[in-house]
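# Coordinate inspection notes
Here's the letter readout for the chains.
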Amino acid sequence: MNIADHSSHTALDALRAAGLLRKAKRVVVLTGAGISTPSGIPDFRSEGSGLWSRDEPMEVASLTTFRTSPEKFFHWFRPLAGQIFNAQPNPAHMAFAELENSGITTTIITQNIDGLHQKAGSKKVLELHGTTRTLSCTQCFKQFDSQPFLQAYIDHGTIPLCANCNAILKPDVILFGEQLPQSPWFEAQRETRQADLMLVAGSSLEVLPVAGLPMQALDRGAHLIVVNNAPTYVNVRADVVIMDDVAAILPEIIKRVIHG
Ligand SMILES: [Zn+2]
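Here the structure is a predicted model, which is why all the values come from computation and not from measurement. Each chain carries its own residue numbering, running from 1 in the direction its sequence is written. Since the coordinates come from a predicted model, pLDDT governs what is reported: local features require at least 70, and pairs of side-chain atoms require 80 or more to be given and counted, while whole-chain, interface and lining totals use all residues. Side-chain numbers here rest on the full set of heavy atoms in the structure, without hydrogens or water.

### Describing the sheet that holds strand β1 (residues 26-31)
One open sheet accounts for six strands, arranged β3-β2-β1-β7-β8-β9; its pairing is parallel. The open sheet has two edge strands with one neighbour each: β3 (125-127) and β9 (240-242). Taken pair by pair, the neighbouring strands of this sheet meet at an average axis angle of 15°, ignoring direction. Relative to β9, strand β8 (residues 223-227) runs parallel, the two being bridged by three bridges. From the neighbouring strand, Ile-225 faces β9, where its bridge partner is Val-240. Here a residue-residue contact requires only that any non-hydrogen atoms of the pair lie within 4.5 Å. Between N-to-C directions, angles cover 0 to 180 degrees, with each direction set by a line fitted to C-alpha atoms, over the stretch in contact for helices. For helices the rule is a DSSP run of H or I covering at least 4 residues; for strands it is a run of E covering at least 2, with both sets numbered from the N terminus onward. The strands touched by helix α1 (residues 8-23) are β1, β7 (197-201), β8 and β9; relative to β9, the strand with the most contacts, the crossing angle is about 130°. Together, β1, β2 (105-110) and β7 form the strand contacts of helix α6 (residues 91-101), whose direction differs from that of β2 by roughly 145°. Here the rule is simple: two strands pair whenever DSSP picks up at least two bridges between them.

Structure representation (structure tokens):
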């Protein structure tokens, strides 16, 4: 598929997006669940995703539940962990890695915990909601690579325990009721202030404080491009809005940026 195969409206917007990206010096890409749904990872905050209908994520994926009944949390998290473990990056992830490799300064700020940007080859990734790649001890705070624990947990539901003190290990993801990790959050704000273009991809911008970043970029005079299949609150202020499949349109835009 190429840009001309999309509807004429989308094709024109894609060309305008490519033009803005080509002129940009510092690009910040803000991604959300929508960029990973083509890789088979459900948006657990969306109604009808299966995970939502079975349990209430706001309750079960909360710090309170993890502290009071970790087995309930791990039971809920198990199918999601399995999907993340098996997921592969899709063409949208690959396109952003190519953009960075092409020499355009690119920082990815993501709300996703699946590590797919890194799997695709992106180097500068700020994970605001943490990651499933590591686990930390709730008692002695020692950090472990998830890999050795994953298979037993996914296959048999074995709850990961600390090799040091035998306490329960918590995935390094930000649960409801937890603060954002300080260092990536500060860096995300700094990158946003320095960017001359922000591209929002696959996020409906409904979760604060991350949802406020595009406004910070706009206030600094940056251009804004939004590619998402649903409207966002900043669409009225964006230079280009494309409501289309991220895995189809983003590779076309970025191919155009790199190869003209
Ligand atoms: Zn420990």
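From this point, the discussion proceeds with the structure in view.
### Digging into the sheet that holds strand β5 (residues 143-145)
Backbone-to-backbone hydrogen bonds join strands into a sheet, with any given pair of strands oriented parallel or antiparallel. Taken in spatial order, the three strands line up as β5-β4-β6 in an open sheet, and their pairing is antiparallel. Only two strands of the sheet have a single partner each, and these edge strands are β5 and β6 (169-173). The mean inter-strand angle of the sheet, taken between neighbouring strand axes irrespective of direction, is 40°. Sheet analysis places strand β4 (residues 130-137) next to β6, joined by four bridges and oriented antiparallel. Pairing of Cys-137 across the sheet is with Leu-169, part of β6. Against the sheet, helix α5 (residues 70-86) engages β4 and β6, with an angle of about 50° to β6. Running over the sheet, helix α8 (residues 147-156) touches β4, β5 and β6 and is turned about 70° from β5.

### Notes on the coordination of the zinc ion
Every protein donor of the zinc ion is accounted for by Cys-137 (SG), Cys-140 (SG), Cys-162 (SG) and Cys-165 (SG), and the metal-donor separations fall at 2.3 to 2.4 Å. Coordination here is defined by N, O and S atoms within 2.8 Å of the metal (3.2 Å for Na, K and Ca), and since water is not considered, a site can look incomplete. For a four-donor site, all angles between 85 and 135 degrees give tetrahedral; for four or six donors, opposite pairs above 155 degrees with the remaining angles between 65 and 115 give square planar or octahedral; all remaining cases count as irregular. Coordination at the zinc ion is tetrahedral: its four donor atoms span angles of 99 to 120° at the metal. Counting the intervening residues between successive donors of the zinc ion yields the motif C-x2-C-x21-C-x2-C.

### Here we look at the pairing of β1
Partly exposed describes any residue whose relative accessible area lies between the buried limit of under 20% and the exposed limit of over 50%, with all areas from a 1.4 Å probe on protein chains only and scaled to the type maximum. Of all six residues in β1, five are buried; the element is thus mostly enclosed. Alignment of β1 against β2, held across six bridges, turns out to be parallel. What sits directly across from Val-28, in β2, is Thr-107. Of the pairings in the sheet, the one linking β1 to β7 comprises five bridges and is parallel in character. For Val-27, the partnering residue across the bridge sits in β7 and is Leu-197.

### Things to note about the packing of aromatic side chains
Geometry of an aromatic ring pair is reported as the spacing of the ring centres plus the angle between the planes. In summary, the pairing rule links any two rings of Phe, Tyr or Trp, Trp by its six-membered ring, whose centres are within 6.5 Å, and it sorts them by plane angle into stacked for under 30 degrees, edge-to-face for over 60 and tilted for everything else. Tallied over the entire structure, the rule returns eight aromatic pairs. A ring pair is formed by Phe-73 and Trp-76, whose centres lie 6.3 Å apart and whose planes are at 45°; its orientation type is tilted. Highlighted residues: Phe-73 and Trp-76, both in helix α5, separated by three residues, approximately one helical turn. Residue Phe-73 shares its accessibility class with Trp-76, and that shared class is buried. The interplanar angle of 85° and the centroid separation of 5.5 Å between the aromatic rings of Phe-74 and Tyr-153 together place this pair among those described as edge-to-face. Here the residue Phe-74 occupies a position in helix α5, and Tyr-153 occupies one in helix α8, the gap between them amounting to 79 residues. This pair shows no difference in class: Phe-74 is buried, exactly as Tyr-153 is. Grouped by ring-pair contacts, the aromatic residues Phe-66, Phe-73, Phe-74, Trp-76, Phe-77 and Tyr-153 constitute a single cluster.

### Considerations on unusual backbone geometry
Note the cis peptide between Leu-208 and Pro-209, where omega equals 0°. Within the fold, Pro-209 resides in the loop between β7 and α10 (213-219). Phi is positive for Phe-141, which is not a glycine, with a value near 65°. We classify Phe-141 as exposed; its relative accessible area is 65%.

### Points about α1
Helix span, expected: 1.5 Å multiplied by one less than the number of residues in the helix. Taking 1.5 Å per residue, 16 residues should reach 22 Å; α1 reaches 23 Å between its end C-alpha atoms and fits that length. Residues of α1 that are buried include every one of Thr-10, Ala-11, Asp-13, Ala-14, Ala-17, Ala-18, Leu-20 and Leu-21, and no others. Structurally, α1 contributes buried residues whose contacts are with β1, α6, β7, β8, β9 and α11 (246-259).

### Focus: the environment of Ala-11
Residue position: Ala-11 is located in helix α1. Ala-11 gets classed as buried once you look at its relative accessible area, which sits at 10%. Between the C-alpha atoms of Ala-11 and Glu-252, which are 241 residues apart in sequence, the distance is 9.6 Å.

In short, geometric facts, not functional conclusions.
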